[in-house]
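Coordinates in review
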Amino acid sequence: MTQLKDLAAKRRSIYHIGKNTDHSAKEIVDALQAVLKDVPTAFNSQTSRIVIAFGDKHQALWDEIYQVQEGVLEGDMWEQMSGVIQGAKEGLGTILFFEDLNEVENMPANPERSTAYKENNNANHQYAAWLTLAELDLGATLQHFNIGYEQGFDKSIRQMFDLPDSYAMLAQMPFGSIETPAGDKDYIDQDEKVRVYE
């Protein structure tokens, strides 16, 4: 339990990332595959799909996100998030999290439950991937620059990676070496967060 607790505390949102690591792309991919294999999904539906981009593909991805979001975000939001996009581009790679909507439809549940289950499935993969990166001493953040499958803003990214139209992008996780550690953060009282009744 101590190892999991320490790893959970180590995982933080790291915005200033770089390429200064001895880990090869293969080592990172192998570590992620080993962990993500056993991530639970509703009905063992295994609806989540992961794309990992390195090198030129990583750079092209964030160039595309910048171009798309420049036309979507406005004012102060664009000022803030354009910096996040540029920071992400400085990293080593990006994990993209998708849900295969064809597989989501095959879950033995009504559409409302299937929607909730796919979000849970993907969130489990996101957290597991983040903990894996933390174990490798790599920093990451979780971003949501897709604005939704329905609007089609992730279409160009599906085309970039030659992915099926059924893949709905839920999040992006740029990662790399930790160039500036996360600062202190506040915690709510744990008795408020976790209520126990006996």
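Scroll up to find the structure this text is about.
Residues numbered from 1 in each chain as written. Predicted model: local features only at pLDDT ≥ 70, side-chain atom pairs only at ≥ 80, totals over all residues. Heavy atoms only, no water.

Brief notes about the pairing of strand 5 (residues 167-178)
Most of strand 5 sits inside the fold, with eleven of its twelve residues counted as buried. Note that strand 1 (residues 17-18) and strand 5 share two bridges and pair antiparallel. For Gly18, the partnering residue across the bridge sits in strand 5 and is Ser177. In this sheet, strand 5 lies alongside strand 3 (residues 93-100) in antiparallel orientation, the contact comprising eight bridges. Counted as the bridge partner of Ile95 is Met173 from strand 5. Relative to strand 5, strand 4 (residues 138-140) runs antiparallel, the two sharing three bridges. Paired with Leu138 across the bridge in strand 5 is Ser177. (Buried < 20%, exposed > 50% of the residue type's maximum accessible area, 1.4 Å probe, protein only. Helix = DSSP H or I, 4+ residues; strand = E, 2+ residues; numbered from the N terminus. Pairing = 2+ DSSP bridges.)

Topic: helix 3 (residues 55-70)
In this model, helix 3 (16 residues) spans 23 Å end to end at C-alpha, consistent with the 22 Å of a helix rising 1.5 Å per residue. Inspection of helix 3 places His58, Leu61, Trp62, Glu64, Ile65, Val68 and Gln69 among the buried residues, and these make up the whole buried set. Down the axis of helix 3, the buried set is contained in an arc of 155°. They therefore lie on one face. Residues of helix 3 that are exposed and point more than 90 degrees away from the buried face comprise Asp56 and Gln67. (Expected span 1.5 Å × (residues − 1). Arc of directions from axis to C-beta.)

Here's the deal with the layout of surface pockets
The computed volume of the largest pocket comes to approximately 230 Å³. Elements supplying a minimum of two residues to the lining of the largest pocket: helix 1 (2-10) and helix 8 (190-193). Among the residues making up the lining of the largest pocket, the classes are represented as four nonpolar, one polar and five charged. (1 Å grid on protein atoms, 1.4 Å probe; cavity = no way out; pocket = protein on both sides within 12 Å on 5 of 7 lines; lining within 4 Å. Points joined across faces, edges and corners; volume = space filled by probe spheres on them. Nonpolar A, V, L, I, M, F, W, Y, C, P; charged D, E, K, R; others polar.)

What to know about the packing of aromatic side chains
Here the structure, examined in full by the defined rule, presents five aromatic pairs. On the numbers, 6.0 Å between centres and 90° between planes, the contact of Trp62 with Phe145 is edge-to-face. Taken as a pair, Trp62 in helix 3 and Phe145 in the loop between strand 4 and helix 7 (155-160) lie far apart in primary sequence, 83 residues in all. Taken individually, Trp62 and Phe145 each receive the classification buried, so the pair is uniform in this respect. On the basis of an interplanar angle of 45° and a centroid distance of 5.8 Å, the ring pair of Phe98 and Tyr167 is categorised as tilted. Of this pair, Phe98 sits in strand 3 while Tyr167 is found in strand 5, placing the two residues 69 residues apart along the sequence. Like Phe98, the residue Tyr167 is buried in the burial classification. Seen from the ring of Trp130, Arg11 lies directly overhead, with NZ or CZ sitting 4.2 Å from the centre. (Phe/Tyr/Trp six-rings, centres within 6.5 Å; stacked < 30°, edge-to-face > 60°. Lys NZ or Arg CZ within 6 Å of the ring centre and 35° of its normal.)

A few points about empty space enclosed by the protein
Summed over all chains, the structure comprises one cavity of 30 Å³ or more. In this structure, the largest cavity occupies an estimated 40 Å³ of space. Surrounding the largest cavity, Ile14, Tyr15, Ile17, Val84, Gly87, Ala88, Thr141, Gln143 and Pro174 form its lining. No other element matches the three residues that helix 4 (residues 75-89) contributes to the lining of the largest cavity.

So, the packing of helix 3 against helix 4
Between helix 3 and helix 4, the least distance of the axes is 9 Å, while the angle of their chain directions is 170°. As the angle between them shows, helix 3 and helix 4 are arranged roughly antiparallel. From helix 3, His58, Gln59, Trp62, Asp63, Ile65, Tyr66, Gln69 and Glu70 reach across to helix 4, where they touch Trp78, Ser82, Ile85, Gln86, Ala88 and Lys89. Its residues assigned to classes, the contact of helix 3 with helix 4 comprises six nonpolar, five polar and three charged. (Axes fitted to C-alpha atoms, helices over the stretch in contact; angles between N-to-C directions. Parallel < 35°, antiparallel > 145°, perpendicular 65-115°, else oblique. Contact = heavy atoms within 4.5 Å.)

A few points about the nonpolar core
Core analysis: the biggest nonpolar cluster contains 19 residues, and Leu96, Phe98, Phe145, Ile157 and Phe161 have the highest contact counts within it. Elements with a minimum of two residues in this core: strand 2 (48-54), helix 3, helix 4, strand 3 and strand 5. Among the elements that make up this core, the one with the highest residue count is helix 4 (five residues). For Phe98, the contacting residues outside a window of four places in its chain are Thr47, Ser48, Arg49, Val51, Asn122, Ile157, Arg158, Leu163, Tyr167, Ala168, Met169 and Leu170. (Core = buried A, V, L, I, M, F, W, Y, C linked by side-chain atoms within 4.5 Å.)

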